[in-house]
Amino acid sequence: MLFPDYRPRRMRMNETLRRMVRETRLELDDLILPLFTVDGKNVKNPIPSMPGHYQLSINHVVQTAAQARELGIPAIILFGLPARKDPLATQAYAKDGVVQRAIKAVKDKVPDLTVITDVCLCAYTDHGHCGVVEGQTIDNDASLDLLARTALSHAKAGADMVAPSDMMDGRVAEIREALDEDNFSHIPIMSYAAKYCSSYYGPFREAADSAPQFGDRRTYQMDPANAREALREVSMDVEEGADIVMVKPALAYLDIICRVREEFDLPVAAYNVSGEYAMIKAAAERGWLDETKVMLETLTAIKRAGADMILTYFALDAAQLLRNGRG
Ligand code: PBG
Ligand code: ZN
């Protein structure tokens, strides 16, 4: 079909036509809201580089969770800031840890909201790495047991799904086995399967107080230059029992989302990370971008690339717009 017989502009003449031929639709059910929970009562510490987000004590987490549910958001993902840190991240798998208590409180008050938990050690270790430190290196195999214990403790507290983000080899299998052995074979694993060593995590590390105290995460998170390797990472996690596979970050990795979507049958999640959020917020604050429009364009692009669900700090704002029919 060639001009002048075919005129693509015909189907863009008005909003009704545009709606009819729209290929990608952002929906409430696509959204997962990340929340940070901290010990204490009535705490709501603003996170400077993530306007609109806070370190929340459990009562505020419950309140925000209820608001999310009210707006029609299906799920939250919880991150914890423990009261104390140590080399073995003991608060990550403590029965009365902050995340474990937050899970209980949310499930108690907002039972039909899906509670996903981030499973990692970096916010709980004094060295800030995602695994056990041995000298100057991160000991892969020694970390697996602690990660499995963390996931299991979340399930015991009532989590609906666990999401390992550490990038140790073999952790999905280890977590699957620990859950199955303890009668949690019904709890799904959302694996951060293709997680890159990205500088877009900067604001998050401030929010979660989880920056490594020495070195960086390059020996466990993926090299941003690699795409084929992402497919190997995903296929390993699928083999090990992942139920959902994630690509993270989202925007600089839309090609990875697309390829994972094409090669695998499992649901694909994408993490619209803290730095991606901060960039839009910062530009909007200066009046350089229309925040609402850029947000919707961004989330739609992530979905168009192939994501079935999007973890995003924009979830509440996007949900509000979608409810008002502005998606
Ligand atoms: C913990 C974790 C990180 C993020 C999610 N889980 C940070 C990191 O790996 O250093 C990043 C999320 C974001 O930037 O929004 N391993
Ligand atoms: Zn980590």
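Residues numbered from 1 in each chain as written. Chains lettered and ligands numbered in written order. Predicted model: local features only at pLDDT ≥ 70, side-chain atom pairs only at ≥ 80, totals over all residues. Heavy atoms only, no water.

Side note on the packing of helix 10 (residues 291–305) against helix 11 (residues 315–323)
How we decide: Axis definition: a line fitted to C-alpha atoms, limited for helices to the stretch in contact. Angles are taken between N-to-C directions and run from 0 to 180 degrees. Segments assigned H or I by DSSP are reported as helices when at least four residues long, segments assigned E as strands when at least two residues long, and all are numbered from the N terminus. When an angle is under 35 degrees it counts as roughly parallel; over 145 it counts as roughly antiparallel; between 65 and 115 it counts as roughly perpendicular; any other value is oblique. Should any heavy atoms of two residues lie within 4.5 Å, those residues are counted as being in contact. Polarity classes work like this: nonpolar for Ala, Val, Leu, Ile, Met, Phe, Trp, Tyr, Cys and Pro, charged for Asp, Glu, Lys and Arg, and polar for all others, with Gly in that last group.
Interaxial distance between helix 10 and helix 11 falls to 11 Å at its minimum, and their mutual angle equals 95 degrees. Classified by the angle between their axes, helix 10 and helix 11 sit roughly perpendicular to one another. Contacts between helix 10 and helix 11 pair Glu291, Thr292, Met295, Leu296 and Leu299 from the former with Asp317, Ala318 and Leu321 from the latter. Split by residue class, the contact of helix 10 with helix 11 holds five nonpolar, one polar and two charged.

Quick word on the pattern of salt bridges
Here is the rule: In the sections that follow, a salt bridge refers to a side-chain nitrogen of Lys or Arg positioned within 4 Å of a carboxyl oxygen of Asp or Glu. With a 1.4 Å probe rolled over the protein chains alone, any residue whose accessible area is under 20% of its type maximum counts as buried; one over 50% counts as exposed, and the rest are partly exposed.
Applying the stated rule across the entire model yields 18 salt bridges. Among the ionic pairs, Glu15 bridges to Arg22, the shortest N-O distance being 3.5 Å. Under the relative-accessibility criterion, Arg22 is labelled partly exposed at 33%. With its nearest N and O atoms 3.4 Å apart, the salt bridge here joins Asp145 to Arg149.

Section: a negative patch on the surface
Operational definition: Like-charged residues are merged into a patch within 9 Å and nonpolar side chains (Val, Leu, Ile, Met, Phe, Trp, Tyr) within 5 Å, provided each residue has over 30% relative accessible area and no salt bridge. The Shrake-Rupley method, run with a 1.4 Å probe, gives the accessible areas here. Residue values count only the displayed protein chains as cover. Lys and Arg are tallied as positive, Asp and Glu as negative. Neither His nor the chain termini are counted. To locate a charge, the coordinates of NZ of Lys, CZ of Arg, CG of Asp or CD of Glu are taken.
A cluster of acidic side chains, namely Asp141, Asp169, Glu174, Glu177 and Glu181, defines a negative patch on the protein surface. Looking at the negative patch, the element that brings in the most residues is helix 5 (residues 171–181), giving three residues.

Some words on the nonpolar core
Going by this rule: Nonpolar cores are built from buried Ala, Val, Leu, Ile, Met, Phe, Trp, Tyr and Cys residues. Side-chain atoms within 4.5 Å join them into one set.
Ranked by size, the top nonpolar core spans 118 residues in total, and within it Phe36, Ile76, Val106, Leu179, Met190, Ile256 and Val260 carry the most contacts. Sort the elements by how many residues they give to this core and helix 4 (residues 140–157) lands first, with eight residues.

Overview of the environment of Ala283
Structurally, Ala283 can be placed in helix 9 (residues 274–285). Taking the C-alpha atoms as reference points, Ala283 and Gln213, separated by 70 residues in sequence, lie 30 Å from one another. Ignoring sequence-local partners within four residues, the contact set of Ala283 consists of Trp288 and Leu289.

A closer look at the coordination of the zinc ion (ligand 2)
Short version of the rule: The donor set comprises N, O and S atoms within 2.8 Å of the metal, extended to 3.2 Å for Na, K and Ca; water molecules are omitted, so apparent gaps in a site may simply reflect that omission. Tetrahedral means four donors with every angle between 85 and 135 degrees, whereas square planar (four donors) and octahedral (six donors) require angles over 155 degrees between opposite donors and between 65 and 115 for all others; sites fitting neither are termed irregular.
For the zinc ion (ligand 2), the protein coordination sphere consists of Cys120 (SG), Cys122 (SG) and Cys130 (SG), at 2.2 to 2.3 Å. Here the zinc ion (ligand 2) binds four donor atoms, and the angle range of 99 to 119 degrees at the metal identifies the geometry as tetrahedral.

Examining the site of ligand 1
Note the threshold: One heavy atom within 4 Å of a molecule or strand makes the whole residue count as near it. Any pair of nitrogen or oxygen atoms within 3.5 Å is treated as a polar contact; in protein, a donor-acceptor pairing is required on top of that, and neighbouring residues in sequence qualify only through side-chain atoms on both sides.
Around ligand 1, 19 residues are found, and the nearest of them are Lys195, Arg205, Lys248, Ser274 and Tyr313. Interatomic distance of 3.4 Å between a side-chain N/O atom of Asp118 and a nitrogen atom of ligand 1. The contact in question runs from an oxygen atom of ligand 1 to an N or O atom on the side chain of Arg205, over 2.7 Å. Bound to the protein, ligand 1 loses 99% of the 400 Å² it would expose on its own. Of all elements in the fold, only strand 9 (190–195) and helix 6 (202–208) reach the threshold of two or more residues within the shell around ligand 1. Residue composition of the shell around ligand 1, grouped by class: eleven nonpolar, three polar and five charged.

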